[in-house]
Amino acid sequence: PEASREIARLLFQSPKDTGLLELAAQSFMRQRRYAEAATVLQRRLDLPNPNSFLWSQYGDALDGSGRTPEAADAYKKAVALDPKSTLTRYGLGYLYWKLYRYEDAVRELNEVLRRKPKDPRASFTLGDIYLTRGDAQRSLQFLEIAREAYPNEFDTRFALGRALLLTGNTERGIEELRAAVELDETIADGHFQLGRALMKSGKTDEGKLELQKAQALHDKQRK
């Protein structure tokens, strides 16, 4: 905050100083003051020589401010300026995923994986899209890559567990769901999906216990 105040004072004297505008944006982003970061970055982008990083940073600030459609447009400009950057292209694919623009997301994520076949974030997001759209078999290869890179993340273990169950690998699916629940016991759907899988596999008592936990968490969230 002190740095932001000092930068603001300097910008009052030199409102078109590109270095100061970029420094102000970094300061606001670190404080998660996304709306102010977006305003400063917009001023910087109106000046000469905006680069891919600035457009992607602007996209992050817009997304943080709840302006995700505009963020995707900003990332499109970032990708156009640096089409070889897998990081920037992933950011665009992620925003399309967030906006449920799955066809656009698949296109960008596949391009990331063409350049970097084992990229774990792109693999997870693409796998999640296929799983959401009902193609569990296709999702598996991507979710396996994500699980290998992020074994301690609820989302990767949970998604892989669901995909395994849907493709008939019940034993390993339950194993992955157990791991997900152990990583985060506060997510009702984790217990619910595990409970259902256990019930179907004949482990009735354990399944009922997980379903009870899911219901208790659901009730708690509604209060």
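Predicted model, so just to flag it, every value in this text is computed and none were measured.

> In this structure, what is going on with helix 10 (residues 154–166)? I would like to understand it.
Three- or four-residue spacings in an α-helix give side chains the same orientation, since the helix completes a turn every 3.6 residues. Spanning 13 residues, helix 10 covers 18 Å between terminal C-alpha atoms, matching the ideal 18 Å at 1.5 Å per step. Of all the residues in helix 10, the buried ones are Phe 154, Thr 156, Arg 157, Phe 158, Ala 159, Leu 160, Gly 161, Ala 163 and Leu 164. The elements touched by buried residues of helix 10 are helix 8 (120–132), helix 9 (136–149), helix 11 (170–183) and helix 12 (188–200). One or two residues past the end of helix 10 sits Gly 168, with phi positive at roughly 90°.

> Looking at this structure, how should I read helix 7 (residues 102–115)?
The end-to-end C-alpha distance of helix 7 is 20 Å, a good match for the 20 Å that 14 residues give at a rise of 1.5 Å each. For helix 7, the complete set of buried residues consists of Tyr 102, Asp 104, Ala 105, Val 106, Glu 108, Leu 109, Glu 111, Val 112 and Leu 113. For helix 7, the secondary structure elements touched by its buried residues are helix 6 (86–98), helix 8 and helix 9.

> What's the story with the nonpolar core in this structure? I'm lost.
The tendency in soluble globular proteins is for nonpolar side chains to be buried side by side. Ranked by size, the top nonpolar core spans 40 residues in total, and within it Tyr 58, Leu 109 and Leu 126 carry the most contacts. Beyond its immediate chain neighbours, meaning those up to four positions away, Tyr 58 contacts Ala 38, Leu 41, Gln 42, Leu 45, Arg 67 and Ala 74. Phe 124, Leu 131, Leu 143 and Leu 164 belong to the second largest nonpolar core, which has ten residues in total.

> Looking at this model, I keep getting lost on the pattern of salt bridges. Mind explaining?
Between side chains of opposite charge, a pair can form when the charged atoms approach closely. A complete count under the given rule lists 19 salt bridges for this structure. Residue Arg 9 pairs with Glu 6 through a salt bridge whose shortest N-O separation is 2.5 Å. Of this pair, Arg 9 and Glu 6 are both found in helix 1 (residues 2–13), three residues apart, which corresponds to roughly one turn of the helix. Between Arg 89 and Glu 108 there is a salt bridge, with its nearest N and O atoms 2.8 Å apart. One end of the pair, Arg 89, is in helix 6; the other, Glu 108, is in helix 7, with 19 residues separating them in the sequence. The two residues Arg 89 and Glu 108 agree in class, both being buried. Through salt bridges that share partners, Arg 89, Arg 101, Asp 104, Arg 107 and Glu 108 make up one connected network.

Parameters and conventions
- Residues numbered from 1 in each chain as written.
- Predicted model: local features only at pLDDT ≥ 70, side-chain atom pairs only at ≥ 80, totals over all residues.
- Heavy atoms only, no water.
- Helix = DSSP H or I, 4+ residues; strand = E, 2+ residues; numbered from the N terminus.
- Expected span 1.5 Å × (residues − 1).
- Buried < 20%, exposed > 50% of the residue type's maximum accessible area, 1.4 Å probe, protein only.
- Contact = heavy atoms within 4.5 Å.
- Core = buried A, V, L, I, M, F, W, Y, C linked by side-chain atoms within 4.5 Å.
- Salt bridge = Lys/Arg side-chain N within 4 Å of Asp/Glu carboxyl O.

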